[in-house]
Amino acid sequence: MNLADTLVLAVTFVAIAAPGEHALVRWLRTKTKNGNLQLLLTWADQAVALLEKSDLGGAQKKQQAVDYVATRLAANKLTGKFSHEQLSAVIEQAVAQLNKEAK
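What counts as what
Residues numbered from 1 in each chain as written. Predicted model: local features only at pLDDT ≥ 70, side-chain atom pairs only at ≥ 80, totals over all residues. Heavy atoms only, no water. Salt bridge = Lys/Arg side-chain N within 4 Å of Asp/Glu carboxyl O. Helix = DSSP H or I, 4+ residues; strand = E, 2+ residues; numbered from the N terminus. 1 Å grid on protein atoms, 1.4 Å probe; cavity = no way out; pocket = protein on both sides within 12 Å on 5 of 7 lines; lining within 4 Å. Points joined across faces, edges and corners; volume = space filled by probe spheres on them. Nonpolar A, V, L, I, M, F, W, Y, C, P; charged D, E, K, R; others polar. Expected span 1.5 Å × (residues − 1). Buried < 20%, exposed > 50% of the residue type's maximum accessible area, 1.4 Å probe, protein only. Arc of directions from axis to C-beta.

> It is not clear to me how the pattern of salt bridges should be interpreted in this structure. Could you clarify?
Side chains bearing opposite charge may pair, as long as their charged atoms lie close to each other. Evaluation of the coordinates by the stated rule reveals 1 salt bridge. A salt bridge links Lys62 to Glu92; the nearest nitrogen and oxygen atoms lie 2.3 Å apart. One end of the pair, Lys62, is in helix α2 (residues 58-75); the other, Glu92, is in helix α3 (residues 84-102), and 30 residues separate them in sequence.

Okay, structure coming up:
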């Protein structure tokens, strides 16, 4: 096998493998994003449950919950993956779920 044959073989292999590699990268990226979202939802539920019986007012409770989740995100090197608005919305969702389960 000479250099030209080796180059043709390498280019052919890359052309055949590229779609599979692309699909694998997309799948891994999606799996990671879903995992991060699941962590966020779990931490929001934990924060709401921890602060449920506190003496803080509504806005203060919410801010404490957002701070708790932000701390967990930072501890897991996920800072910047979610906006403040997203954290706030997830906390509100966790509160609504807790209230729904209480009824």
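> Before we go on, may I ask you to explain the layout of surface pockets in this structure?
Using a probe with the size of a water molecule, rolled over the atoms, empty space left in the structure can be pinpointed. Its volume calculated, the largest pocket comes out at about 220 Å³. In terms of lining residues, the largest pocket is bounded by 13 residues, among which Val48, Glu52, Lys61, Val95 and Leu98 are the most central. Elements that contribute at least two residues to the lining of the largest pocket include exactly α1 (3-51), α2 and α3. In terms of residue count, the dominant contributor to the lining of the largest pocket is α3 (6 residues). Tallied by class, the residues present in the lining of the largest pocket amount to 7 nonpolar, 2 polar and 4 charged.

> I would appreciate a short explanation of α2 in the present structure.
Residues separated by three or four positions in an α-helix point in the same direction, a consequence of the helix having 3.6 residues per turn. Here α2 contains 18 residues, and its C-alpha end-to-end distance of 26 Å stays within 8% of the 26 Å for a straight helix at 1.5 Å per residue. Restricting attention to buried positions, one finds in α2 the residues Ala65, Val66, Val69 and Leu73. Taken around the axis of α2, the buried residues stretch over an arc of 100 degrees, which confines them to a single face. Facing away from the buried side of α2, by more than 90 degrees, are the exposed residues Thr71 and Ala75. A positive phi of about 55 degrees marks Lys77, the residue just after α2.

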